[in-house]
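Architecture at a glance
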Amino acid sequence: MSRFTLSTSALAILAVSATAAAARDNVQVAGSSTVLPYASIVAEAFGENFDFPTPVVESGGSSAGLKRFCEGVGENTIDVANSSRKIREKEIEACAEAGVTDIIEVRIGYDGIVFASQKTGPEFTTFTQSDLFNALSPKVVIDGKLVDNPYEKWSDFNADLPDVEIATFIPGTKHGTREVFEEKVLVQGCEDTGAYELLKAEAEGEDDKAKGKAAHKACYNVRTDGKSVDIDGDYTETLARLDSNSNGVGVFGLAFYENNTDKLKVATMADVAPSTETIASGEYPVSRPLYFYVKKAHIGVIPGLKEYAEFFVSDEIAGPDGPLSDYGLVSDPELAATQTLVADEATMGEGM
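Structure report, in brief. Because the structure is predicted, anything quoted here is derived from the model rather than measured.

**As for the overall build of the chain**
- A tally of helices and strands in the chain yields 15 helices and 13 strands.
- Here the chain has a C-alpha radius of gyration of 22 Å; the compact-globule value for 352 residues is 20 Å, and the two agree.
- In terms of its C-alpha atoms, the chain occupies a principal-axis envelope of roughly 70 × 50 × 35 Å.
- Considering the chain as a whole, with its 352 residues, one finds that 52% of them fall into the buried category.
- Look at the contacts in the chain between residues 6 or more apart in sequence, and 73% of them connect residues 24 or more apart.
- For the chain, the computed accessible surface area is about 15,600 Å², with 48% contributed by carbon and sulfur atoms.
- Considering the chain, the positive charge centre built from 30 side chains and the negative charge centre built from 57 side chains are found 5 Å apart.

Here it is in structure tokens:
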């Protein structure tokens, strides 16, 4: 594209404010609490190594960040949304309605979801997806029938687990972590215990596909009797809950756990311990890719935006020997392709 040719979206941002660059000369980022520590490290290093102001990075959760991202273009909107899940189709539609039509999706690497408890608490040494489903679902399978969950203690359904009251602190529905938790833990446990087939048999629907979809959604449900508590804040709130409940189990990102090993001990999942190695190999069953999304319309208008994105995914930062790996990020095997995508400013549908 000629340097004198502006896309419709670029014209839109300039129409909002002819002095956008002058009014705001720093990159603004918001979103996932999982991506937050990585983005904060990158922002600080960027400010120290480039002739641009240090980007402002806020948290709030993946959904909240993407909602702000999709408010429109212009200096009063953020440039980058961090997310621990892929942007949803309805969010893409909301973006488009607000004039955000060119979105660059950047995958920064991988993270694992871990289950941890107080360092001095009971020994939650191992879990399976079935254990978590039996602990959290309002309906469980007993003697081949789907019944209201009667379990009060972990040992009620698995004698190898502690004989203590069930108390779990899981990500709230606004967190990208919740979506991965639902799909890779609850749904898997639902299937493994036979609950899925029983829910499907009970489901309403015109055909088998509709019943399967209803059963799948029902597997997401968690009990509301206090055994499962949604945490709407970031992982520090979950940690605070465990501080006040010695029997509690919390859900964290691998990076947060690794930075708090003096306070937490982690359980295996399906007999696999979470680590950068087991996540990179795909052996650990509860892992997910991490992303940030960039408004292409803001590139060239907000100083340093493209440079920040390129710096974030550079070998020196996001590679296996970069500083982000020290904080739990598992380097993306396809990082080179992501680097090309960012360099080419390829929007969703144009890149890999």
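**Quick notes on the state of the cysteines**
- Tallying each qualifying case throughout the model produces 2 disulfides.
- Two residues, Cys 70 and Cys 95, share a disulfide whose sulfurs are 2.0 Å apart. Measuring handedness by torsion sign, the sulfur bridge of Cys 70 and Cys 95 sits at about -75° and is left-handed. Of this pair, Cys 70 sits in the loop between helix H4 (62-69) and strand S3 (80-83) while Cys 95 sits in helix H5 (residues 89-97), and the two are 25 residues apart along the sequence. As far as the burial class goes, Cys 70 and Cys 95 line up, both buried.
- Going through the chain in sequence order and numbering each bonded cysteine, the pairs you get are 1-2, 3-4.

**Some details on unusual backbone geometry**
- Although it is not a glycine, Asp 143 sits at a positive phi angle of roughly 55°.
- Residue position: Asp 143 is located in the loop between strand S6 (139-142) and strand S7 (145-148).
- Overall, Asp 143 belongs to the exposed group, its relative accessible area being 75%.
- In this structure, Ala 270 is a non-glycine residue whose phi angle is positive, near 55°.
- If you trace the backbone, Ala 270 turns up in the loop between strand S12 (268-269) and helix H12 (276-281).

**Considering H4**
- Buried within H4 we find Ser 62, Ser 63, Gly 65, Leu 66 and Phe 69. For H4, the arc enclosing every buried residue in end-on projection is 165°, short of the 170-degree limit, so these residues lie on one face.
- Tucked inside the fold, the buried residues of H4 contact strand S1 (28-31), S3, H5, strand S4 (103-118), helix H7 (176-192) and strand S13 (287-295).

**Some thoughts on the pattern of salt bridges**
- Counted according to the given criterion, the structure contains 18 salt bridges.
- In this structure, Glu 334 engages Arg 107 in a salt bridge whose closest nitrogen and oxygen atoms are separated by 3.0 Å. Placement of the pair is Glu 334 in the loop between helix H14 (315-318) and helix H15 (335-343) and Arg 107 in strand S4, with a sequence separation of 227 residues.
- The exposure class assigned to Arg 107 is buried, which follows from its relative accessible area of 15%.
- In this structure, Lys 306 and Glu 345 form a salt bridge, with 3.0 Å as the shortest nitrogen-oxygen distance. Separated by 39 residues along the polypeptide, Lys 306 in helix H13 (residues 305-312) and Glu 345 in the segment after H15 bring together distant segments of the chain.

**Describing empty space enclosed by the protein**
- This model, assessed by the stated rule, comprises 2 cavities of 30 Å³ or more.
- Lining of the largest cavity is provided by Ser 33, Ile 170, Pro 171, His 175, Thr 177, Ile 231, Gly 233, Asp 234, Tyr 235, Thr 238 and Val 251.
- Put simply, the parts of the chain that give the lining of the largest cavity at least two residues each are strand S8 (168-171) and helix H10 (235-243).
- Only S4 and H13 provide two or more residues apiece to the lining of the second largest cavity.

**Some details on the side chain of Ser 287**
- Tracing the chain through its elements places Ser 287 in strand S13.
- According to the relative accessible area criterion, Ser 287 is buried, its value standing at 11%.

**Notes on the nonpolar core**
- If you look at the biggest cluster of nonpolar residues, it comprises 41 residues, and the most contacted ones within it are Phe 115, Phe 127, Trp 154 and Phe 252.
- Counting residues per element, the ones that place at least two in this core are S4, helix H6 (129-136), S8, H7, H10, strand S10 (249-253) and helix H11 (254-258).
- Among all residues touching Phe 115, those that are not within four sequence positions of it are Phe 127, Leu 132, Phe 181, Val 185, Val 249, Gly 250, Val 251, Lys 265, Val 266, Ala 267, Met 269 and Tyr 284.

Rules behind the numbers
- Residues numbered from 1 in each chain as written.
- Predicted model: local features only at pLDDT ≥ 70, side-chain atom pairs only at ≥ 80, totals over all residues.
- Heavy atoms only, no water.
- Helix = DSSP H or I, 4+ residues; strand = E, 2+ residues; numbered from the N terminus.
- Rg over C-alpha atoms; globule rule 2.2 N^0.38 Å.
- Buried < 20%, exposed > 50% of the residue type's maximum accessible area, 1.4 Å probe, protein only.
- Contact = heavy atoms within 4.5 Å.
- Areas by Shrake-Rupley, 256 points an atom, 1.4 Å probe, with all protein chains shown as cover.
- Lys, Arg positive; Asp, Glu negative; His and termini not counted.
- Charge placed at Lys NZ, Arg CZ, Asp CG, Glu CD.
- Disulfide = S-S within 2.5 Å.
- Arc of directions from axis to C-beta.
- Salt bridge = Lys/Arg side-chain N within 4 Å of Asp/Glu carboxyl O.
- 1 Å grid on protein atoms, 1.4 Å probe; cavity = no way out; pocket = protein on both sides within 12 Å on 5 of 7 lines; lining within 4 Å.
- Points joined across faces, edges and corners; volume = space filled by probe spheres on them.
- Core = buried A, V, L, I, M, F, W, Y, C linked by side-chain atoms within 4.5 Å.

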